[in-house]
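# Coordinate analysis (summary)
Each chain, written out:
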Amino acid sequence: GGFSVDAVSTAGEWVTGGHAITIRADKVLGRDNGDFLHYDMIVLPGGWDGVAHLQDDTRVLELVRHYDRSGKFVAAMCAGPNVLAKAGILAGRKMTAYPGDRTEPFYRDATYLSDTVVRDGKLITSRGPGTALPFAFALVDALGGDSAAIKRSFLYDEMKAWPDGLANAPAK
């Protein structure tokens, strides 16, 4: 089982993120979005610089609008919902994102919630880096997968029971 996933770049095969982590994209977005219309979901990452590039890229905005109009899943985390706002798909919908002045003003037409993950129909948003696992589990569930099995293998529920990471640490 599982899902077929492609990491897509807007600018080249190798992408270095804001924390100096470099990944190799499976595909690179060209002039024509045609090759990218068949997926069940589009997922946008966060990160200030990357989001700034995505929201200024008309190809990305067109893809977001296409997925939304087509009734497909649209997902974004951290500052990524800024791209959704620029694409004009958030009005009247519930959502979340990284809190603060660099994000929240973009969501005046939406219902901004402080929940870890918010799903409004086929729109799925999450708050920030620390919410990556709950966000990923929500995406798995949305696509018909079994996140409960993944949570068990990750010891996810045990991790949630130890929220500060120090509860059982020896005293210094």
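Let us look at the structure shown here. Along each chain, numbering runs from 1 in the same order as the chain's sequence is written. In view of the model being predicted, local features appear only for residues whose pLDDT reaches at least 70, and side-chain atom pairs are presented and counted only at 80 or more, with totals across whole chains, interfaces and linings using the full set of residues. To get the side-chain values, all heavy atoms of the structure are used, and hydrogens and water are removed first.

A word on the nonpolar core. Counting 25 residues, the largest nonpolar core has L44, V64, V74, V83 and L84 as its most contacted members. Numbering of helices and strands starts at the N terminus; helices are DSSP runs of H or I of at least 4 residues and strands are runs of E of at least 2. Elements supplying a minimum of two residues to this core: β5 (41-44), α1 (48-55), α2 (58-69), β6 (73-77) and α3 (81-87). Ranked by the residues each element gives to this core, the list is headed by α2, at five residues. Between two residues, a contact is recorded if the distance between any of their heavy atoms is within 4.5 Å. Contacts of L44, omitting those with residues within four sequence positions, involve L54, V60, V64, A75, A76, M77, G80, V83 and L84. We call a set of buried Ala, Val, Leu, Ile, Met, Phe, Trp, Tyr and Cys residues a nonpolar core when their side-chain atoms join them within 4.5 Å. Note on classification: 1.4 Å probe, protein chains only; a residue is buried when its accessible area is under 20% of the maximum for its type, exposed when over 50%, partly exposed between these limits.

The next point concerns the sheet that holds β6. When DSSP finds two or more bridges between two strands, those strands count as paired. Pairing is mixed in the open sheet, where four strands are placed in the order β5-β6-β10-β9. Two strands close off the open sheet at either side, each with one partner strand: β5 and β9 (117-120). Each adjacent strand pair in this sheet contributes to an overall mean axis angle of 10°, direction not counted. Looking at chain direction, β9 and strand β10 (residues 123-126) are connected through four bridges and run antiparallel. Across the sheet, residue V118 finds its bridge partner in β10, namely T125. Here, axes are lines fitted to C-alpha atoms. For helices the fit covers the stretch in contact, and angles between N-to-C directions go from 0 to 180 degrees. Of the strands in this sheet, β5 and β6 are in contact with α2, which crosses β5 at around 135°.

This part takes up α2. Residue count minus one, scaled by 1.5 Å, sets the expected span of a helix. Over its 12 residues, α2 runs 16 Å from end to end, which matches the ideal 16 Å to within 8%, given 1.5 Å per residue. The set of residues buried in α2 consists of R59, V60, L61, L63, V64, H66 and Y67. Looking at the packing, one finds that the buried side of α2 touches β5, α1, β6 and α3. Positive phi appears at G71, one or two residues downstream of α2, with a value of about 75°.

Just distances and angles here, no functional claims.
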